[in-house]
Amino acid sequence: MPKTIVVTGASDGIGAAAARRLAASGERVVVVGRSPERTRAVADEIGADHHLADFADLSQVRRLAGDLLEAYPQIEVLANNAGGIMGARQTTVDGYEKTFQVNHLAPFLLTQLLLPSLVAGRATVIQTASIAARVFAKFDIGDLQGEHAYSPQAAYGNGKLANILFTSELQRRYGDQGISAVAFHPGVVATSFASDTTHLMRFLYHTPLKRLFTIKPDKAADELVWLAEGTPGVTFTPGAYYESKEIAKNVNPLSLDADLAARLWEASEALV
């Protein structure tokens, strides 16, 4: 039977590439994006349902979750793929630092709200993380909003580290209910990523330099598709963080801190 696979950030880049490939293999793909035009275009191309939500507005995340729960009482895969690096520090309509909210808090909330359908589907929950968690993160559980120390790259790295910590804690809390959580680094990908930032990453992703340092979205989607179609405990180890289809070895030591993962969960729960 086809799996119901919800992919966020699917209007472009890795998410769109993965959605196309999963639909081509016969899965029931649900395309979630921020842009009405691009999201609808991808969905129409592959004959899929689509839903809209801007993760910088948690009311839209709550509405999205309600719509998904109503439409799909059983979800086999949730790919939390939406995210990005921002520029100067700014807060959302919810009052939270935007990078933290878009990369971590919104997918945390979405996953929490979708738990009835995820448990019913014994779902694989995938987080698109990044080596930025190791390279850029300056994680301070007491300063999740970057109020005391902020830079675009550190905020992004912290968000990606939060993705990995969320994965391990989600597995600890809900693994015995059939949830299989996993995170992965897709590579440095030639997409619209970093289009909203003034950080030097913009020049890497949006100038001819990208030909030297990035891979195409379809190649980057390999690991997401591999995890989505895989069998937990056979294809991958639930709760782990992967690079190149192997459990990552060179990681930020904080990503292995179970106490920090639990504290982040509790702090996130208090915020939403």
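Residues numbered from 1 in each chain as written. Predicted model: local features only at pLDDT ≥ 70, side-chain atom pairs only at ≥ 80, totals over all residues. Heavy atoms only, no water.

Caption draft 1: Here's a closer look at the environment of Ala19. Structurally, the position occupied by Ala19 is in helix H1 (residues 13-24). Residue classification places Ala19 among the buried positions, given a relative accessible area of 0%. Non-local contacts of Ala19, meaning those with residues more than four positions away in its chain, are made with Val29, Val31 and Ile46. (Helix = DSSP H or I, 4+ residues; strand = E, 2+ residues; numbered from the N terminus. Buried < 20%, exposed > 50% of the residue type's maximum accessible area, 1.4 Å probe, protein only. Contact = heavy atoms within 4.5 Å.)

Caption draft 2: Geometry of the nonpolar core. Ranked by internal contacts, the top residues of the largest apolar core, which has 51 residues, are Phe55, Leu68, Leu110, Leu114, Leu118, Phe139 and Leu170. Put simply, the parts of the chain that give this core at least two residues each are strand S2 (28-33), helix H3 (58-71), helix H4 (98-113), helix H5 (115-120), helix H7 (152-174), strand S6 (180-185) and helix H11 (258-271). Apart from the residues lying within four places of it in its own chain, the contact partners of Leu68 are Val6, Val30, His51, Leu110 and Leu114. Core analysis: the next-biggest nonpolar cluster, separate from the first, contains 28 residues, Ala19, Ala43, Ala220 and Ala221 among them. (Core = buried A, V, L, I, M, F, W, Y, C linked by side-chain atoms within 4.5 Å.)

Caption draft 3: Structural detail: the side chain of Glu97. By secondary structure assignment, the location of Glu97 is in the loop between strand S4 (77-80) and H4. Of the side chains with opposite charge, Arg89 comes closest to the buried, unpaired Glu97, at an N-O distance of 5.8 Å. At 2.8 Å, the side chain of Glu97 forms a polar contact with the backbone nitrogen of Thr99. Polar side-chain contacts of Glu97 include one of 2.9 Å to the backbone nitrogen of Phe100. (Lys, Arg positive; Asp, Glu negative; His and termini not counted. Salt bridge = Lys/Arg side-chain N within 4 Å of Asp/Glu carboxyl O. Polar contact = N/O pair within 3.5 Å; in protein donor to acceptor, adjacent residues only side chain to side chain.)

Caption draft 4: Quick look at the packing of H3 against H4. Remark: H3 packs on H4, axes separated minimally by 9 Å, with the N-to-C direction vectors making an angle of 35°. Every pair of crossing elements has a handedness; the one defined by H3 and H4 is right-handed. Along its contact with H3, which presents Leu58, Val61, Arg62, Leu64, Ala65, Leu68 and Leu69, the element H4 presents Gln101, Leu105, Ala106, Leu109, Leu110 and Leu113. (Axes fitted to C-alpha atoms, helices over the stretch in contact; angles between N-to-C directions. Left-handed = near helix turned anticlockwise from the far one by under 90°.)

Caption draft 5: Region of the structure containing empty space enclosed by the protein. A full pass over the atoms with the stated rule returns one cavity of 30 Å³ or more. Reported here for the largest cavity is a volume of approximately 40 Å³. Lining the largest cavity, in full, are Ser130, Ile131, Ala133, Arg134, Ile164, Tyr241, Glu243, Asn250, Val251, Asn252 and Ser255. Breaking the lining of the largest cavity down by element, the ones donating at least two residues are helix H6 (132-135) and strand S7 (241-243). Here the residues of the lining of the largest cavity sort into five nonpolar, four polar and two charged. (1 Å grid on protein atoms, 1.4 Å probe; cavity = no way out; pocket = protein on both sides within 12 Å on 5 of 7 lines; lining within 4 Å. Points joined across faces, edges and corners; volume = space filled by probe spheres on them. Nonpolar A, V, L, I, M, F, W, Y, C, P; charged D, E, K, R; others polar.)

Caption draft 6: Structural view of the packing of aromatic side chains. Applying the stated criterion across every chain, the model contains five aromatic pairs. Taken together, a centroid distance of 5.5 Å and an interplanar angle of 35° make the contact between Phe166 and Trp265 tilted. On the criterion of sequence distance, the pair formed by Phe166 in helix H7 and Trp265 in helix H11 is long-range, its members being 99 residues apart. Taking the centre distance of 6.2 Å and the plane angle of 35° together, the rings of Tyr174 and Trp265 count as tilted. Taken together, the residues Tyr174 in helix H7 and Trp265 in helix H11 connect sequence positions 91 residues apart. (Phe/Tyr/Trp six-rings, centres within 6.5 Å; stacked < 30°, edge-to-face > 60°.)

Caption draft 7: Representation of H1 within the structure. For H1, with twelve residues, the first-to-last C-alpha span of 17 Å sits near the 16 Å given by 1.5 Å per residue. All buried positions along H1 are accounted for by Gly13, Ile14, Gly15, Ala16, Ala17, Ala18, Ala19 and Leu22. Tucked into the core, H1 has its buried residues touching strand S1 (4-7), S2, helix H2 (36-46) and helix H10 (217-229). Positive backbone phi, at 100°, marks Gly26, one or two positions downstream of H1. (Expected span 1.5 Å × (residues − 1).)

Caption draft 8: Highlighting the side chain of Gln171. In this structure, Gln171 sits in helix H7. Take Gln171: its relative accessible area is 18%, and that puts it in the buried class. Ignoring any residue separated from it by four or fewer positions in sequence, one finds Gln171 in contact with Ile179, Ser180, Ala181, Pro238 and Gly239.

Caption draft 9: Looking closely at the layout of surface pockets. Roughly 240 Å³ of volume is contained in the second largest pocket. Surrounding the second largest pocket, 16 residues form its lining, Lys138, Asp143, Gly146, Ala149 and Asn158 being those nearest its centre. Looking at the lining of the second largest pocket, the element that brings in the most residues is H7, giving four residues. Along the lines of polarity and charge, the residues of the lining of the second largest pocket split into seven nonpolar, five polar and four charged.

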